[in-house]
Amino acid sequence: MTTTITITGAGGQIGYALLFRIAAGDMLGPDEHVRLRLLEIPAGLGAAEGAALELQDGAFPLLDDVEVTDDPAVGFAGADHALLVGARPRGPGMERADLLAANGGIFGPQGTAIAANAAAGVRVTVVGNPANTNALIAAAHADGVPAERFSALTRLDENRARAQLAATLDAPVADVRHVPIWGNHSATQFPDVSRATVGGRPVTQALAERVGDVRAWLESTFIPRVARRGAEIIEVRGSSSVASAASATIDHVRSWALGTGTTDADVTSAGVVSRGEYGVPEGLVSSFPVHAVDGEWRVVEGIELDEWARSRVDASVAELADEREAVRALGLL
Ligand code: NAX
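What counts, and at which threshold
- Residues numbered from 1 in each chain as written.
- Predicted model: local features only at pLDDT ≥ 70, side-chain atom pairs only at ≥ 80, totals over all residues.
- Heavy atoms only, no water.
- Buried < 20%, exposed > 50% of the residue type's maximum accessible area, 1.4 Å probe, protein only.
- Helix = DSSP H or I, 4+ residues; strand = E, 2+ residues; numbered from the N terminus.
- Contact = heavy atoms within 4.5 Å.
- Salt bridge = Lys/Arg side-chain N within 4 Å of Asp/Glu carboxyl O.
- Phe/Tyr/Trp six-rings, centres within 6.5 Å; stacked < 30°, edge-to-face > 60°.
- Near = heavy atom within 4 Å.
- Polar contact = N/O pair within 3.5 Å; in protein donor to acceptor, adjacent residues only side chain to side chain.
- Areas by Shrake-Rupley, 256 points an atom, 1.4 Å probe, with all protein chains shown as cover.
- 1 Å grid on protein atoms, 1.4 Å probe; cavity = no way out; pocket = protein on both sides within 12 Å on 5 of 7 lines; lining within 4 Å.
- Sits in = over half its atoms within 2 Å of the grid points.
- UniProt positions renumbered as here; feature names shortened; annotations may be inferred.
- Expected span 1.5 Å × (residues − 1).
- Arc of directions from axis to C-beta.
- Points joined across faces, edges and corners; volume = space filled by probe spheres on them.

Draft legend 1. Quick look at helix 5 (residues 131–141). Of all eleven residues in helix 5, nine are buried; the element is thus mostly enclosed. Among the residues of helix 5, those classed as buried are Ala131, Asn132, Thr133, Asn134, Ala135, Leu136, Ile137, Ala138 and Ala139. Buried residues along helix 5 sit in contact with strand 4 (81–84), helix 4 (96–117), strand 5 (123–126), strand 6 (150–152), strand 13 (285–293) and helix 11 (307–329).

Printed below as a string of structure tokens:
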């Protein structure tokens, strides 16, 4: 069988880092053939066409076909997975409302085009920022596609959080489990270590031995480091996160398509449409602790949030609610 994957913004930086890993089978596994549809705007077509030539030269055994287009109807035709990477970045002097309006103009029509052209079981992963609200807008315009088929990438934040804990605790990153991100993919996000484990032991216990006052360390060091990591990468590298974002996108789709386990150690993060879990207003696309089972994200229920965690989650969710109000005011929902 061949899975059809549409990548928007395929001529951009993240697109370039994503395409070759998908073609190599990193996303859907070594037995799944893939057909790639690279959707760009006219200005990005040359870069996408160049990437398509290089994909051909990669002679990937799993890659059946590559098509480059600037027509959303062609780009989303038969898509089983749509990775919405292309977005309008914030330019100089742009207010938040301008950014939301510019992206609403992209993600609304793309939602409509997905509904009209994609495969019945399409799954949509939004990477382009502001990812949560772009997913909300796309889902709202995709008549007939269940809203739970849209999710926003917060896996990069989770990967960053796990890596920071591993470095602090001098432990292999694979041993650090259950570090979900709550809320928005933004500076208000809440990376939650309260149930995290390292080699099966509570992370909070291991941290207490290393850093002393765990809450103070979380507030002054860990959370700002994770939430500002994108800015740190820009300062050091001179350009935004690319390969790590592509890698997290691969992780996200692989979990969604192939499933996670359902134990505490398998908890991961994704921005999904709230059904009111944990008091998050219904319909907002918020990051939650999730498992993936049978191709569906499942919010992990029953987690007790202490007062501090609750206030952190509430602050990020309030930001999401504000973004929703702003896009409503712009007539984008
Ligand atoms: P680039 O500017 O390199 O590439 C974006 C590409 O999208 C360009 O080639 C552009 O022509 C194309 N594009 C623009 N509008 C389009 C449309 N309507 N249809 C199809 N293609 C369109 O940006 P890149 O570094 O690849 O980043 C892409 C997006 O990912 C940005 O919005 C960025 O903010 C976001 N990120 C999200 C992350 C996350 O964790 N959710 C982390 C990394 C990244 O910051």
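On we go from here.
Draft legend 2. Structural detail: the pattern of salt bridges. Taken as a whole and assessed by the stated rule, the structure comprises 15 salt bridges. Its salt-bridge partner being Arg225, residue Glu232 comes within 2.9 Å of it at the nearest N-O pair. Residue classification places Glu232 among the partly exposed residues on the basis of a relative accessible area of 22%. For the salt bridge of Arg328 with Glu325, the shortest nitrogen-to-oxygen distance reads 3.0 Å. Of this pair, Arg328 and Glu325 both sit in helix 11, three residues apart, which is roughly one turn of the helix.

Draft legend 3. Layout of the packing of aromatic side chains. Applying the stated criterion to the full structure yields eight aromatic pairs. Between Trp182 and Tyr278, the ring centres sit 4.9 Å apart and the planes meet at 90°, which makes this aromatic pair edge-to-face. Highlighted residues: Trp182 in strand 8 (residues 181–182) and Tyr278 in the loop between strand 12 (268–273) and strand 13, separated in sequence by 96 residues. With a centroid separation of 6.3 Å and 65° between ring planes, the pair formed by Trp182 and Phe288 is classed as edge-to-face. Residue Trp182 is found in strand 8, and its partner Phe288 is found in strand 13; the two are separated by 106 residues along the sequence. Judged by its relative accessible area of 0%, Trp182 falls in the buried class. Through pairs of rings, three or more aromatic residues link up here, namely Tyr16, Phe20 and Phe60.

Draft legend 4. Representation of the site of the ligand in the model. Surrounding the ligand, one finds 21 residues, the nearest of these being Gln13, Ile14, Glu40, Val127 and Asn129. Within the backbone of Leu153, one N or O atom sits 3.5 Å away from a nitrogen atom of the ligand. Considering the ligand on its own, with 880 Å² of exposed area, one finds that the protein chains cover 81% of that surface. Among the cavities detected, the one that contains the ligand is the largest pocket. For the shell around the ligand, the secondary structure elements donating two or more residues are helix 1 (13–23) and helix 4.

Draft legend 5. Spotlight on the UniProt feature "domain: Lactate/malate dehydrogenase N-terminal" (unreviewed entry) in the protein chain. The feature "domain: Lactate/malate dehydrogenase N-terminal" (unreviewed entry), as given by UniProt, occupies residues 5–144 in the numbering adopted here. Secondary structure content for residues 5–144 is 44% helix and 19% strand, while the C-alpha to C-alpha distance between its ends is 20 Å.

Draft legend 6. Layout of helix 2 (residues 45–57). Under the 1.5 Å per step criterion, the end-to-end length of helix 2 is 18 Å for 13 residues, consistent within 8% with the ideal 18 Å. Those residues of helix 2 lying buried are Leu45, Ala48, Ala51, Ala52 and Leu55. Taken end-on, helix 2 shows its buried residues confined to a sector of 120°, consistent with a single buried face. Facing away from the buried side of helix 2 by more than 90 degrees, the exposed set consists of Leu53 and Asp57.

Draft legend 7. Geometry of the layout of surface pockets. Of the pockets and cavities examined, the largest pocket occupies roughly 1600 Å³. Of all the elements in the fold, those that place two or more residues in the lining of the largest pocket are helix 1, helix 4, helix 5, helix 6 (155–169), helix 9 (229–237) and helix 11. Among the elements that take part in the lining of the largest pocket, helix 4 stands out by supplying seven residues, more than any other.

Draft legend 8. Layout of the environment of Asp314. Checked against the element boundaries, Asp314 lands in helix 11. When the C-alpha positions of Asp314 and Val267 are compared, they lie 21 Å apart, and in sequence the two are 47 residues distant.

Draft legend 9. Structural context of the UniProt feature "binding site: substrate" (unreviewed entry) in the protein chain. If you check UniProt for "binding site: substrate" (unreviewed entry), the listed places come out as Arg90, Arg96, Asn129 and Arg160 in our numbering. Across 71 residues, the annotated set is spatially dispersed, with a maximum C-alpha separation of 25.6 Å. The annotated residues that sit in the lining of the largest pocket are Arg90, Arg96, Asn129 and Arg160. Note that Arg90 resides in the loop between strand 4 and helix 4. Once residues lying within four places of it in the same chain are set aside, the contact partners of Arg90 are Glu95, Arg96 and Leu99. In this fold, Arg96 is placed in helix 4. We classify Arg96 as partly exposed; its relative accessible area is 36%. Apart from the residues lying within four places of it in its own chain, the contact partners of Arg96 are Arg90, Asp322, Glu323 and Ala326.

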